[in-house]
Amino acid sequence: MSSEPTLLEMQQIEKRFPGVHALKAVDFDLHAGEVHVLLGENGAGKSTLMKVLCGTESRDSGQIIIRGEPTDDLTPKQAQELGIGMVFQELSLVPALSVAENILIGRLPRRSFGMIDWSQANDIARENLARLGVTHIDPHTPVRQLNVAEQQLTEIARVLSRDCQILLLDEPTSALSETEVDRLFETIQRLREQAVGIIYISHRLDEVARIGQRVTVMRDGAVVGTMPVEAADRDTVVQLMVGHKPGEQRADAQRRTGPSLLRIENLTVQDHLYQLTLELHQGEILGIFGLMGAGQTELADALFGLLPHESGAIFIDNQPVQIDHPGDAVAAGIGYLTRDRRGSLIPVQPIAPNVTLPLIGGLPLLRSLNLRDERSAANKYIQDLQVRPPDLNRSVRYLSGGNQQKVLLARWMHSGARILIFDEPTRGIDVGAKAEVFALMRRLANDGIGIIMISSEIPEVLSMSDRILVMRDGRFKAEYASEKPTQAELLHSASYATEQVS
Amino acid sequence: MTEQPINPQAIEPTERKEKPSQTNSMWRVVRRFLLQGGPLIALLLLCIYLALATPFFLTEGNITNVLRRGAVLAILAIGQTFVILSAGIDLSVGSVAALSASVSAVLMTQRIEITETLFIGPVDFWVGLPIGIGVGALAGLINGLIITRGRIPDFITTLGALVTLQGLALLITDGLPVPSYSSAPGALSSLPEQLTWLGSGAILGIPVPAVVALVIVIIAWYVLRYTALGRAIYAVGGNREAARVSGIRVERTKVAVYVISGMLAGIAGIVLAGRLNSANALMGQGQELDSIAAVVIGGTNLFGGEGGVFGSLIGALITTILGNGLNLLNVSSFWQQVTQGLVIILVVIFDQWRRRRFST
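Residues numbered from 1 in each chain as written. Chains lettered and ligands numbered in written order. Predicted model: local features only at pLDDT ≥ 70, side-chain atom pairs only at ≥ 80, totals over all residues. Heavy atoms only, no water.

### Some details on the overall build of chain B
Scanning chain B from terminus to terminus reveals 14 helices and four strands. The 360 residues of chain B split such that 50% are buried. Taking contacts inside chain B between residues at least 6 apart in sequence as the whole, the part at least 24 apart equals 75%. As presented, chain B carries roughly 17,200 Å² of accessible surface, and 66% of it is formed by carbon and sulfur atoms. (Helix = DSSP H or I, 4+ residues; strand = E, 2+ residues; numbered from the N terminus. Buried < 20%, exposed > 50% of the residue type's maximum accessible area, 1.4 Å probe, protein only. Contact = heavy atoms within 4.5 Å. Areas by Shrake-Rupley, 256 points an atom, 1.4 Å probe, with all protein chains shown as cover.)

### With respect to the overall build of chain A
The helix and strand inventory of chain A stands at 16 helices and 20 strands. Taken over the C-alpha trace, chain A has a radius of gyration of 25 Å; the compact-globule value for 502 residues is 23 Å, and the two agree within 12%. Based on the C-alpha atoms only, the size of chain A along its principal axes is roughly 70 × 55 × 45 Å. Every one of the 502 residues in chain A was classed for burial, and the buried ones make up 57%. For chain A, the accessible surface area stands at approximately 20,800 Å², while carbon and sulfur atoms represent 49% of it. Distance between charge centroids for chain A: 6 Å, based on 51 positive and 65 negative side chains. (Rg over C-alpha atoms; globule rule 2.2 N^0.38 Å. Lys, Arg positive; Asp, Glu negative; His and termini not counted. Charge placed at Lys NZ, Arg CZ, Asp CG, Glu CD.)

### Considering the sheet that holds strand S15 (residues 319–321) of chain A
Residue and element names in this part refer to chain A. Spatially, four strands are ordered S12-S11-S14-S15 in an open sheet, and the strand pairing comes out antiparallel. In this open sheet, the two edge strands, each paired with only one partner strand, are strand S12 (273–281) and S15. For this sheet, the mean angle separating the axes of adjacent strands, direction not counted, is 20 degrees. Relative to strand S14 (residues 311–316), strand S11 (residues 260–269) runs antiparallel, the two being bridged by five bridges. Within S14, the residue paired with Ile-264 across the bridge is Ile-314. Across the face of the sheet, helix H9 (residues 296–303) comes into contact with S11, S12 and S14 while running at roughly 110 degrees to S11. (Pairing = 2+ DSSP bridges. Axes fitted to C-alpha atoms, helices over the stretch in contact; angles between N-to-C directions.)

### Things to note about the nonpolar core
Counting residues in hydrophobic clusters, the biggest one holds 71 residues, and the most contacted among them are Ile-75, Ile-78, Phe-82 and Leu-198 of chain B. If sequence neighbours within four positions are ignored, Phe-82 of chain B has contacts with Ala-220, Val-223, Leu-224, Ile-233, Val-257, Ile-260 and Val-309 of chain B. With 68 residues, the next largest nonpolar core counts Ile-314, Ala-433, Leu-440 and Ile-452 of chain A among its residues. (Core = buried A, V, L, I, M, F, W, Y, C linked by side-chain atoms within 4.5 Å.)

### A closer look at empty space enclosed by the protein
Residue and element names in this part refer to chain A. Within this structure, the stated rule accounts for three cavities of 30 Å³ or more. Computed from the structure, the largest cavity encloses a volume of approximately 100 Å³. Glu-41, His-203, Leu-291, Ser-456 and Leu-491 are, among the 12 residues lining the largest cavity, the residues nearest its centre. Looking at the lining of the largest cavity residue by residue, the class counts come to seven nonpolar, four polar and one charged. (1 Å grid on protein atoms, 1.4 Å probe; cavity = no way out; pocket = protein on both sides within 12 Å on 5 of 7 lines; lining within 4 Å. Points joined across faces, edges and corners; volume = space filled by probe spheres on them. Nonpolar A, V, L, I, M, F, W, Y, C, P; charged D, E, K, R; others polar.)

### Things to note about the packing of aromatic side chains
For the structure shown, the criterion picks out seven aromatic pairs over all chains. An angle of 50 degrees between the planes, with centres 6.2 Å apart, marks the rings of Trp-221 of chain B and Phe-310 of chain B as tilted. With a gap of 89 residues between them, Trp-221 of chain B in helix H8 (residues 208–226) and Phe-310 of chain B in helix H13 (residues 309–328) connect regions that are remote in the sequence. Overall, Trp-221 of chain B belongs to the partly exposed group, its relative accessible area being 33%. Sitting over the ring of Phe-315 of chain A, Arg-263 of chain A keeps its end group 4.4 Å from the ring centre. (Phe/Tyr/Trp six-rings, centres within 6.5 Å; stacked < 30°, edge-to-face > 60°. Lys NZ or Arg CZ within 6 Å of the ring centre and 35° of its normal.)

### Topic: the pattern of salt bridges
Residues and elements named next belong to chain A. Following the criterion strictly, the structure yields 19 salt bridges over all chains and no others. Its salt-bridge partner being Asp-123, residue Arg-126 comes within 3.3 Å of it at the nearest N-O pair. With Arg-126 and Asp-123 both in helix H4 (residues 118–131), this residue pair falls three residues apart, about one helical turn. With relative accessibility at 40%, the residue Asp-123 sits in the partly exposed group. Note that Arg-467 is salt-bridged to Glu-284, the shortest N-O span being 2.7 Å. (Salt bridge = Lys/Arg side-chain N within 4 Å of Asp/Glu carboxyl O.)

### Things to note about unusual backbone geometry
Of note, the bond from Arg-388 of chain A into Pro-389 of chain A is cis; its omega dihedral lies within 30 degrees of zero at -5 degrees. Pro-179 of chain B follows Val-178 of chain B through a cis peptide bond whose omega is -10 degrees. Here Pro-179 of chain B shows up in the loop between helix H6 (154–173) and helix H7 (193–200). Its identity as a non-glycine residue notwithstanding, Asn-266 of chain A has a phi of 50 degrees, on the positive side.

### Here we look at the packing of helix H3 (residues 60–85) of chain B against helix H11 (residues 250–276) of chain B
Residue and element names in this part refer to chain B. Contact geometry of H3 with H11 gives a least axis separation of 7 Å together with a crossing angle of 170 degrees. The pairing of H3 with H11 is recorded here as roughly antiparallel in orientation. Of the residues in H11, those touching H3 at Arg-68, Arg-69, Val-72, Ile-75, Leu-76, Ile-78, Gly-79, Gln-80, Phe-82 and Val-83 are Val-257, Tyr-258, Ile-260, Ser-261, Leu-264, Ala-265, Ile-267, Ala-268, Val-271, Leu-272 and Arg-275. For the contact of H3 with H11, the class distribution of residues is 15 nonpolar, three polar and three charged. (Parallel < 35°, antiparallel > 145°, perpendicular 65-115°, else oblique.)

### A few points about the environment of Ile-345 of chain B
Mapped onto the fold, Ile-345 of chain B is located in helix H14 (residues 333–358). As a C-alpha pair, Ile-345 of chain B and Ala-293 of chain B span 52 residues in sequence and 9.4 Å in three-dimensional space.

### Some points on the packing of H8 of chain B against H13 of chain B
All names here are of chain B. Between H8 and H13, the least distance of the axes is 9 Å, while the angle of their chain directions is 150 degrees. When the axis of H8 is compared with that of H13, the two are roughly antiparallel. Packed against H8, whose contacting residues are Val-217, Ala-220, Trp-221 and Leu-224, the element H13 presents Val-309, Phe-310 and Leu-313 at the interface. Of the residues contributing to the contact of H8 with H13, the split by class is seven nonpolar, no polar and no charged.

### Some thoughts on the side chain of Gln-166 of chain B
Residue placement: Gln-166 of chain B occurs in helix H6. Discounting residues that sit within four places of it in the chain, Gln-166 of chain B has contacts with Ser-95, Ala-161, Ala-281, Leu-282 and Gln-285 of chain B.

### Looking at the domain arrangement of chain A
Assigned domains within chain A: domain 1 (1–83 + 165–171 + 189–243), domain 2 (90–164) and domain 3 (260–495). A separation of 42 Å is found between the C-alpha centroids of domain 2 of chain A and domain 3 of chain A. (Domains from an automatic or database assignment.)

### Thoughts on a nonpolar patch on the surface
Residues and elements named next belong to chain B. Side chains of Leu-138, Leu-141, Ile-142, Leu-145, Ile-146, Ile-152, Phe-155, Ile-156 and Leu-159 sit close together on the surface and give an oily, nonpolar patch of about 740 Å² of accessible area. Broken down by secondary-structure element, the contributors of at least two residues to the nonpolar patch are helix H5 (125–149) and H6. No other element matches the five residues that H5 contributes to the nonpolar patch. The residue Ile-142 is located in helix H5 in this model. Ile-142 sits in the partly exposed class, given a relative accessible area of 43%. (Patch = residues over 30% accessible without salt bridge, like charges linked within 9 Å, V, L, I, M, F, W, Y side chains within 5 Å.)

### Quick word on helix H2 (residues 38–53) of chain B
All names here are of chain B. The end-to-end C-alpha distance of H2 is 22 Å, a good match for the 22 Å that 16 residues give at a rise of 1.5 Å each. When we look at burial in H2, the residues that qualify are Gly-38, Pro-39, Leu-43, Leu-46 and Leu-50. The buried side chains of H2 occupy one side of the element, clustering within an arc of 135 degrees when seen end-on. Of the exposed residues in H2, the ones pointing more than 90 degrees away from its buried face are Leu-45, Ile-48 and Leu-52. (Expected span 1.5 Å × (residues − 1). Arc of directions from axis to C-beta.)

### Brief notes about the sheet that holds strand S1 (residues 6–17) of chain A
All names here are of chain A. Pairing is antiparallel in the open sheet, where four strands are placed in the order S2-S1-S4-S5. Two strands lie at the open edges of the sheet, namely strand S2 (20–31) and strand S5 (69–71), each paired on one side alone. Each adjacent strand pair in this sheet contributes to an overall mean axis angle of 20 degrees, direction not counted. The pairing of strand S4 (residues 61–66) with S5 spans three bridges and is classified as antiparallel. Residue pairing across strands places Ile-66 opposite Glu-69, the latter belonging to S5. Contacts from helix H1 (residues 46–54) reach S1, S2 and S4, with the element oriented near 115 degrees to S1.

Laid out in structure tokens, this is it:
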């Protein structure tokens, strides 16, 4: 590969966000006709690096050299002109417009009097699709009629149609089926032959050997290794991804847990979950680990009545419960801290109404509220959880992420829930707040509350859980109870579709 | 455990900088007033100006007139406030008012023959009144069910209701005012006096419609501030998804606000019939927009979640007094319309500005 010209060199890229050193002296390069796979756990800095390259984030220092030319501050527009194109995980197509309109958005060919030249537009679209080996998509089709894989191809065609030579693909296979993945890989192969350089971000280790020529692993904002794909066997890669972290141990010895609190039997949600069975005990923290999209969030949604389940039974204290609406779940004593914090708060309201919200749904419509009690309850949680600033009149939208999370924790503590589901409870909060959240989870468990903690952060799962279930493709693939797995084992059982189907 | 770097995407904007701590209490009071009292300031300035500009404004007759007119709009606006707080919109309030008034008036004045010997009416005021209000509530219920069960946008559902219900009112009244001069045999030639009292009477010198509006605004304030329903309405309007994941029955809440809006529109229509001493199918035309304007002028966020009924009461008074004042000043009705439209826009611009400037 090194005989090919170097398209891109990033040298000593540094980026800091408040409280986080997101990129630490990162070096990265890309040759023409190469697929360079970028691996790393969530939060390792892959996305930030790509954003710097696309010009959507500015770098604090470091050099970006494109085809031998150093660039100054890169704006998104300049990045595009330099031939850098990115296909995001969340596609950015306009569903109501046709494939051709999407590919040529903002630059449809014109005839005299500013009329759009539709036949030329469709020809250009068809050409760009053909470049990917795609002939079955009609440029006239509205994008909303395409399936996800076709939409993705349309998006790639759009990016390539702007003379893109450096293509960034962020987890392109996360929403695709096996055959669609094969077709995508054929397309990538074709692009390589056209000397396009591709940076390929993935969580799926098994794809690396199939598609890549070189592999770079990032951890904690730094590059921890770049190697040819032949050297990147899975043990090496996993080792690099998780690192050797000394002093990593359980927070306390195997804790004893109480009687059964929650039991789920054969829970099935169409296209997401298949025959899931689990049991949660009083005072237990059950960690559920899986890579992105393994079905963890769907499990939580189904348990909380946000996602209808096809079949399966839910028992609380060995009594069957029917949960069709979040209101039923709250009444049954379940609390759910969703991964989307902003989506769970009423931003314009202050702390107190946000804390008491789950209690409202269970009341008769015209039942009077005791605002004084509400305020004193809110005050109690503000003291207890150290919410800053401790201001009862301030809208929660002005609180920092960690403090918003505390308000949500207070909400579910106040609701009287005995079963708490935490979906990525530390996502996007700073280090100090993280430790506080963990301490609180321990405290709640010690009070007999059963906690299901969904997380894709391995160290967090390992240190917090009494028991760990690993999910992949909507199924439980492994359980670790008394024997704790190593980080590598955990990542293995979550990553490989080929082995140990239990 | 080792610290993981935080995904920068998820980092929230940092907290706003604190205002200087030496903020004295005087300034805090002024700020609070500017923040929450904007519509009231506008109302006071408008009244002061008119009192100076025309000797007729502060006469007893004019004040009574303004209160009667303002009360009907205020009642509609209170219902509209419930809907807008929940991030909906009710374009049908004018038609619902006209339909309720028409149904009540027809029942109270006409004899409806089912067979030769079996007939209904004219019914007593105390029978016709709850039926009229019930028609309004029913219309609201249907709106609410179509919006929640049928998943049709609020705007479209209530736009359809606006047209449909006006059509129904035309059918019921035959397109004529009720009571009409060419009355059928057995029909009364005037509305019951209780109804006229409701629209034009006075209690201790205060016009009855104003008393009705005041009672409703106090009940509405209590419901919004102190009940589970009120809290649910603000939650649904403030962040529908958050309300849902907290176990709030979003659909039930939305149905409730449309029932309330329909019921209050029914009351407003019947009071209006009493004031005009007549009901007709077109009497609510334009009221939906006036009520929305009153709500917005009163400081309620058109996208839901923030605001309240006292603002809407003041908004209704501003709208009414502005029209009245322009009449007193002999401004042509064409210019009146231009002025009223511009005032709505200016008030909202001012409102946005003060929110940004004085918010905590």
